[in-house]
Amino acid sequence: MEIIHSPQEMTAWANRTRAAGQRIALVPTMGAFHEVHLRLMRTAAGHADRVVVSLFVNPIQFGPQEDFDRYPRDLARDAALAANVKVDILFAPSPQQMYPQGSGTTTKVVVSGLTDTLCGRSRPGHFDGVTTVVAKLFNIVKPNLAIFGRKDFQQLAVIGKMVRDLNWDIEIVGHPIVREADGLAMSSRNAYLTDTERQSGLALSKGMQQARQRVRAGVTSAGQLIEETEKILLGHPGVAIDYVNIVHRLTLLDQTEINRDSVLLVAARVGTTRLIDNTVLFDEQ
Ligand code: PAF
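Residues numbered from 1 in each chain as written. Predicted model: local features only at pLDDT ≥ 70, side-chain atom pairs only at ≥ 80, totals over all residues. Heavy atoms only, no water.

Looking only at helices and strands, one finds 9 helices and 9 strands in the protein. In summary, the protein has a C-alpha radius of gyration of 19 Å against a globular reference of 19 Å for 285 residues, a match within 12%. When the backbone C-alpha atoms are referred to their principal axes, the protein occupies close to 55 × 40 × 40 Å. Expressed as a percentage of its 285 residues, the buried residues of the protein come to 53%. Look at the contacts in the protein between residues 6 or more apart in sequence, and 71% of them connect residues 24 or more apart. Split by element, the accessible area of the protein, about 13,100 Å² in all, is 49% carbon and sulfur. (Helix = DSSP H or I, 4+ residues; strand = E, 2+ residues; numbered from the N terminus. Rg over C-alpha atoms; globule rule 2.2 N^0.38 Å. Buried < 20%, exposed > 50% of the residue type's maximum accessible area, 1.4 Å probe, protein only. Contact = heavy atoms within 4.5 Å. Areas by Shrake-Rupley, 256 points an atom, 1.4 Å probe, with all protein chains shown as cover.)

At a minimum axis distance of 7 Å, the contact between helix H1 (residues 7–19) and helix H6 (residues 126–141) shows a crossing angle of 55 degrees. Taken together, the axis directions place H1 and H6 in an arrangement best described as oblique. Residues Pro7, Met10, Thr11 and Ala14 of H1 form the contact with H6, whose own contacting residues are Asn139, Ile140 and Val141. Its residues assigned to classes, the contact of H1 with H6 comprises 5 nonpolar, 2 polar and no charged. (Axes fitted to C-alpha atoms, helices over the stretch in contact; angles between N-to-C directions. Parallel < 35°, antiparallel > 145°, perpendicular 65-115°, else oblique. Nonpolar A, V, L, I, M, F, W, Y, C, P; charged D, E, K, R; others polar.)

Moving on, we come to the sheet that holds strand E3 (residues 50–55). The strand order across the open sheet formed by 6 strands is E1-E4-E3-E2-E5-E6, and the pairing between neighbours is parallel. Since the sheet does not close on itself, it has two edges, and those belong to strand E1 (2–4) and strand E6 (171–175), each with one partner. Between one strand axis and the next, the sheet turns by 25 degrees as a mean value, whatever way the strands run. Across 6 bridges, strand E2 (residues 24–29) lies against E3 in parallel orientation. Across the sheet, the residue bridging to Val27 is Val53, located in E3. Contacts between H6 and the sheet are confined to E2, E3, strand E4 (89–91), strand E5 (145–149) and E6, with E2 contributing the most and set at about 150 degrees to the helix. (Pairing = 2+ DSSP bridges.)

Pairing within the open sheet is antiparallel, and its 3 strands lie in the order E7-E8-E9. This sheet does not close on itself; its edge strands, each paired only once, are strand E7 (239–248) and strand E9 (273–280). The mean inter-strand angle of the sheet, taken between neighbouring strand axes irrespective of direction, is 15 degrees. One ladder, built from 8 bridges, connects strand E8 (residues 262–270) with E9; its direction is antiparallel. Its bridge partner being in E9, Leu265 is matched across the sheet by Asn278. Across the sheet, helix H9 (residues 222–234) touches E7 and E8, and the angle it forms with E7 is around 155 degrees.

The environment of the ligand is formed by Pro28, Thr29, Met30, Asn58, Gln61, Val130, Val133, Phe148 and Gln155. In the model, an oxygen atom of the ligand is placed 2.6 Å from a nitrogen or oxygen of the Gln61 side chain. The side chain of Gln155 places a nitrogen or oxygen atom 2.8 Å from an oxygen atom of the ligand. Among the elements of the structure, E2 and H6 are those that each provide at least two residues to the shell around the ligand. A per-class count over the shell around the ligand returns 5 nonpolar, 4 polar and no charged. (Near = heavy atom within 4 Å. Polar contact = N/O pair within 3.5 Å; in protein donor to acceptor, adjacent residues only side chain to side chain.)

We now examine the nonpolar core. Ranked by size, the top nonpolar core spans 43 residues in total, and within it Met10, Val52 and Phe138 carry the most contacts. Where this core is concerned, the elements lending two or more residues are H1, E2, E4, H6, E5, helix H7 (153–165), E7 and E8. Not counting the four nearest positions on each side in its chain, Val52 is found in contact with Met10, Trp13, Ile24, Ala25, Leu26, Val27, Ile89, Phe91 and Val141. (Core = buried A, V, L, I, M, F, W, Y, C linked by side-chain atoms within 4.5 Å.)

In this structure, His34 sits in the loop between E2 and helix H2 (35–47). There is a polar contact of 3.3 Å between the side chain of His34 and the backbone nitrogen of Ser188.

Bridge count between E5 and E6: 5 bridges; the pairing is parallel. The residue bridging Phe148 from the neighbouring strand is Gly174, located in E6. For the crossover that starts at E5, traverses H7 and ends in the parallel E6, the hand is right-handed. (Right-handed = clockwise from strand over helix to strand, strands pointing away.)

Taking 1.5 Å of rise per residue, 13 residues should cover 18 Å, and H2 covers 19 Å from first to last C-alpha, within 8% of that figure. Three or more residues of H2 are buried, namely Val36, His37, Leu38, Leu40, Met41 and Ala44. At its buried positions, H2 is contacted by E2, E3, helix H3 (75–83), E5 and E6. (Expected span 1.5 Å × (residues − 1).)

With that settled, the discussion passes to the side chain of Thr132. Structurally, the position occupied by Thr132 is in helix H6. Here Thr132 falls in the buried class, since its relative accessible area comes to 2%. Setting aside residues up to four positions removed in sequence, Thr132 forms contacts with Ile60, Thr106, Thr107, Lys108 and Val109.

Encoded structure:
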């Protein structure tokens, strides 16, 4: 595996690779690799000839009160983990290389419609930061396909819309949520949880599980299911709900009746850590 820091060198590699007729898969990440990242990388290898993993803690997607400064950064550890999976290139640019004129004045890619709801409500500007950096990564790495985890369901929907709206010839693949043995959706941020908070954090996956059971038992009212999910969350100490919504999987618009397109999305704070989880309500994830 090669580590490339310069966007220009990355694009030169991508041009050579595509000219040789090879397909490139991109796994965009912010590092702090755990099992989910490694699974995304393995899946990418199954979809393309060459795999590029980008590692960049993107300053413009963090709000002023968020964890940009304390976000874990360990390039040597991440490189060792990626090297054990079939990754060809670890693309790890610096903030100066990604935003040479400074990130505050950069041109933004803004996806309208899907970004001011759900997580967008409590994280203003977050998705503009994500779509801007992902657009830059797409232009630098020139992938044929890119893989994103479904845990960040809204992010996946927003990126899908960006690609469709801007006519990018890039396939967007959503990777199923990966869970710990006890059900907690895997996330880099789980490392912030104390043992007690981690127990409370299980409220989210318990809520997802119960909601699927209730739908199987015949519940079709979104309002009822939301109320029941909130009850589970609030039954765990230290859990503060940000939102519990049932939306259409593509439009992210609230639904009143559950159908095959329904997704239940939850965000909650446990201590100072914000956790998210989601589930489709009919099929197993
Ligand atoms: O999901 C993430 O880790 C980030 O939002 C992404 C897609 C790598 C963009 O910085």
